[in-house]
Amino acid sequence: MALKALLWDVDGTLAESERDGHRVAFNRAFEDAGLPWRWDTGYYGALLRVTGGRERLLHDMAARPDAPALADERLRLAGDLHQRKNAHYADIVAAGAIALREGVAELIDEAAQAGIVQGITTTTSRANLLALLQRHLGAQWSQVFAVQVCGEDVAAKKPDPEVYQRALSALGVPSVEVVAIEDSPGGVAAARAAQVPVIVTRSAYFANDTVENVIAIGPGLHTRSSWRPLPSTATEGRVRLDDVRDWHTRMELVSHHG
Ligand code: XBP
Ligand code: MG
C-alpha cells in the first residue's frame, strides 16, 4: 500500500506553540480582563489534557471560586477570553517567538515535491493556524495543504476521531494510505480511532506519556536517531520522506508506556 497523504497536527507537532505561545497569550487575556488568574508552565501542562482553548478555560473556571457562578456567564467569559487569547497568540507568532520544529518545513517541502497530498488535522482555531503558517510558509501556505480541518470544524475535538474522519472524506483517500504526524496521546487516539497510522514526534508537554499502537515514535523530525523502530535506510540526518514511507510499509506497531 503506497503512501498517498500526510496529515499534520499543529500544536506540539508543527511547532512548540503551547508554553511560550498559547499559555502566554491566555495570561495576557486574563490581564486584559482584569482577572488575577495566571497559568504557570507546570499547571498549563496539566490543563493541556483538556483539548481546545475554550474548553480548557471552562475546565479551569469550574475549580475557581472567583469564576462566574452561572453557566451562561462562564460561557460568555470563556468566549471573550478565548478571542482575546487568539489575538495575543497571533501577535506572539507574528513577532517571531514561535518557530516551526526542526525538520518540519523540510519534510513538508519534500512531500509536496513528491506529490504526497498534505492536510492539517488540528484542535486549534483556524486563526491560529493561519497566523503560524503564514509567518513561516508565507502567503502560499494554504496551497500546500489540500484540506485544513480545525477546531471550529468539528462537533467533538480530539481524542474524538471526527477531525481525521473529516480530513479523510475530504481527501477521498483510504485511511491505510495516510500517515498522521502527532505529538499527544489525545491526537494519537483520534487518528487511531479513524484507522489512520500515526508517527509521533515527542513534544515538551507530552515527552513521557503513554503512547500505543503507532508505526513510529521519536524525539522529532530533526534526527533519525532514538526512533522506534529505527529508520531502515540511513542513520544520520533528519527524518526524510523515505523514512516515513519505510515506516508506513513496515506498519510495525510500537507502544511506549510512560
Ligand atoms: C492543541 C490544542 C489547542 C491549543 C490552543 O491542538 O488542544 O486547544 O492548545 O488552541 P492540536 P485553541 O495539538 O490538535 O493542534 O485555543 O485555538 O483551541
Ligand atoms: Mg498536538
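Residues numbered from 1 in each chain as written. Chains lettered and ligands numbered in written order. Predicted model: local features only at pLDDT ≥ 70, side-chain atom pairs only at ≥ 80, totals over all residues. Heavy atoms only, no water.

S.K.: Can you walk me through the coordination of the magnesium ion (ligand 2) in this structure?
M.R.: The expected angle between donors at a tetrahedral four-coordinate metal is 109.5 degrees. At an octahedral six-coordinate metal it is 90 or 180 degrees. Donor atoms from the polypeptide that coordinate the magnesium ion (ligand 2) comprise Asp9 (OD), Asp11 (O) and Asp183 (OD), at 2.1 to 2.2 Å from the metal. Donor residues binding the magnesium ion (ligand 2) come from one chain and are separated in sequence as D-x1-D-x171-D. Pair noted here: aspartate 9 is in the loop between strand S1 (5-8) and helix H1 (18-32) and aspartate 183 is in the loop between strand S4 (178-182) and helix H9 (185-193), with a separation of 174 residues, a long-range link. Each member of the pair aspartate 9 and aspartate 183 is classed as buried. (Donors = N, O, S within 2.8 Å, 3.2 Å for Na, K, Ca; no water. Helix = DSSP H or I, 4+ residues; strand = E, 2+ residues; numbered from the N terminus. Buried < 20%, exposed > 50% of the residue type's maximum accessible area, 1.4 Å probe, protein only.)

S.K.: I would appreciate a short explanation of the packing of aromatic side chains in the present structure.
M.R.: Any two aromatic rings considered together are summarised by their centre-to-centre distance and by the angle between their planes. With the rule as written, the count across this model stands at 7 aromatic pairs. Both rings, one in phenylalanine 26 and one in tryptophan 39, keep their centres 4.8 Å apart while their planes meet at 50°; by these two values the pair is tilted. A residue pair is termed long-range when its members are at least 10 positions apart, and phenylalanine 26 in helix H1 and tryptophan 39 in the loop between H1 and helix H2 (41-47) qualify at 13 residues. Summarising the aromatic geometry, the rings of phenylalanine 30 and tryptophan 39 are spaced 5.1 Å apart at their centres and angled 75° between planes, so their arrangement reads as edge-to-face. As far as burial versus exposure is concerned, phenylalanine 30 and tryptophan 39 are alike and both buried. Pairwise contacts between aromatic rings join Phe26, Phe30, Trp37, Trp39, Tyr44 and Tyr205 into one cluster. A cation sits over an aromatic face here: lysine 85 above phenylalanine 26, 4.9 Å from the ring centre. (Phe/Tyr/Trp six-rings, centres within 6.5 Å; stacked < 30°, edge-to-face > 60°. Lys NZ or Arg CZ within 6 Å of the ring centre and 35° of its normal.)

These results come straight from atomic positions and should not be treated as a statement about function.
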